[in-house]
Amino acid sequence: MGNNLKTIVAFVPSNKCQKYLLEDLEEMPVDKMVDLSGSQLRRLPLHICSFRELVKLYLSDNNLNHLPPELEQLQNLQILALDFNNFKALPLVVCKLRQLCILYLGNNKLCSLPLELRLLQNLKTLWIESNCLQYLPEVVCELSLLKTLHAGSNALSTLPPQLQRLQELRTIWLSGNLLSEFPPVLLDMPFLEVIDVDRNSIRFFPSLAHLPGLKLVIYDHNPCRNAPKVAKGVRRVGRWSEETPEPRKRSGAVIEITLDEKPLLPPATKIEPE
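Throughout what follows, the structure given in this document is the object of discussion. Worth saying up front: this structure is predicted, and the values here are computed from it rather than measured.

**What about the environment of Asp 61?**
Topologically, Asp 61 is positioned in the loop between strand E2 (56–58) and strand E3 (79–81). Once the C-alpha coordinates of Asp 61 and Gln 40 are considered, the two residues, 21 residues apart in sequence, prove to be 7.4 Å apart.

Take a look at the structure:
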């Protein structure tokens, strides 16, 4: 009965009804984290924005399509999860949270990202998977500290050459896009450690043996005629892995490597900042 009541209350936009969904969260938690994931919220209750020392805010799996301007008060926020909502555009107030280092935007309806995103110069992890992106917004290339970029399950057919500017980037996930060739810009990024181009339309792979930082390349489920050549010790997941019998399915045993952020986490699992 409780869940059914919450479902009904969620459709009522009044502050009183939306506050009911928070189950009497009146004061900022001691751990400086608020997790409202799966609360069926249609608006963010304003009193959350009064928690000035808040560091982590999880709003995943709700019905949000906008955020109040008062969110700007959370200037200590480092992690913001907005995945699995109904955002068609990233609210500009998010770009005013200058201390953000991890931002989850996956599973929304985003077709672009605002230029104001460049203001988030502390951002290290950006998840924009499962949106409506037909191109990677060039503003992403201005996030100079970015280490992990998850842009899988969009409609990307190319990557901008400006991506090479991201010299801190170590992990890029591009599975489930529309790439017909291996993105040339990645060949000029020797600092990359993980490249995932699984489930694209790549027919030929150039050699990746010259990338000294590479530890893992996932290239399965492409109509390719060859396996990418890699340096000794680099793990490959895909067809024609000559040196070791690689499993055909992704598993923790195959892709588990030592990185600052754990790859291939389920959407419900959030990465903690360093």
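**Observations concerning unusual backbone geometry**
One can expect most non-glycine residues to show negative phi and most peptide bonds to be in trans. Notably, Gln 40 is not glycine yet its phi reads approximately 60°, a positive angle. If you trace the backbone, Gln 40 turns up in the loop between strand E1 (33–35) and E2. Classification of Gln 40 as partly exposed rests on a relative accessible area of 24%.

**Thoughts on the sheet that holds strand E7 (residues 171–173)**
Sheets are built from strands that pair by backbone hydrogen bonding, the pairs being arranged parallel or antiparallel. A sheet is described by the order of its strands in space; here ten strands give the open sequence E1-E2-E3-E4-E5-E6-E7-E8-E9-E10, paired in parallel fashion. Single-partner strands in this sheet number two, and they are E1 and strand E10 (235–237). On average, each strand axis in the sheet is inclined to that of its neighbour by 5°, with strand direction left out of account. Bridge count for strand E6 (residues 148–150) against E7 is three bridges, and the pairing is parallel. From the neighbouring strand, His 150 faces E7, where its bridge partner is Trp 173.

**Points about the pattern of salt bridges**
This model, assessed by the stated rule, comprises three salt bridges. Between Glu 142 and Arg 118 there is a salt bridge, and its shortest N-O distance comes to 2.9 Å. One end of the pair, Glu 142, is in the loop between strand E5 (125–127) and E6; the other, Arg 118, is in the loop between strand E4 (102–104) and E5, with 24 residues separating them in the sequence. Where Asp 198 meets Arg 199, a salt bridge forms, and the shortest distance between an N and an O atom there is 3.9 Å. A relative accessible area of 41% places Arg 199 in the partly exposed class.

**Here's the deal with the nonpolar core**
In this structure, Leu 163 and Leu 186 are the most contacted members of the largest nonpolar core, which totals 70 residues. Shared between two domains, this core holds at least three residues of each, these being domain 1 (20–102) and domain 2 (133–243). Excluding residues within four positions of it along the chain, Leu 186 makes contact with Leu 159, Leu 163, Ile 172, Leu 174, Leu 192, Ile 195 and Leu 211.

What counts as what
Numbering of residues starts from 1 in every chain and runs along the sequence as written. Given that this is a predicted model, residues contribute local features only at a pLDDT of at least 70 and side-chain atom pairs are listed and counted only at 80 or more, while totals for whole chains, interfaces and linings are drawn from all residues. Side-chain figures throughout are based on the complete set of non-hydrogen atoms in the structure, without hydrogens or water. Only runs of H or I of at least four residues qualify as helices and only runs of E of at least two qualify as strands under DSSP, and these elements are numbered from the N terminus. Note on exposure labels: buried denotes an accessible area under 20% of the residue type's maximum, exposed denotes more than 50%, and partly exposed covers the range between, all computed with a 1.4 Å probe on protein chains only. Note on pairing: two strands pair once DSSP finds at least 2 bridges between them. Note on geometry: axes are C-alpha line fits, over the in-contact stretch for helices, and angles between N-to-C directions span 0 to 180 degrees. Salt bridges are counted wherever a side-chain nitrogen of Lys or Arg sits within 4 Å of a carboxyl oxygen of Asp or Glu. To qualify as a nonpolar core, a set must consist of buried Ala, Val, Leu, Ile, Met, Phe, Trp, Tyr and Cys residues joined through side-chain atoms within 4.5 Å. These domain limits were set by an automatic method or by a database of domain assignments. Residues count as neighbours in contact if any of their non-hydrogen atoms are within 4.5 Å of one another.

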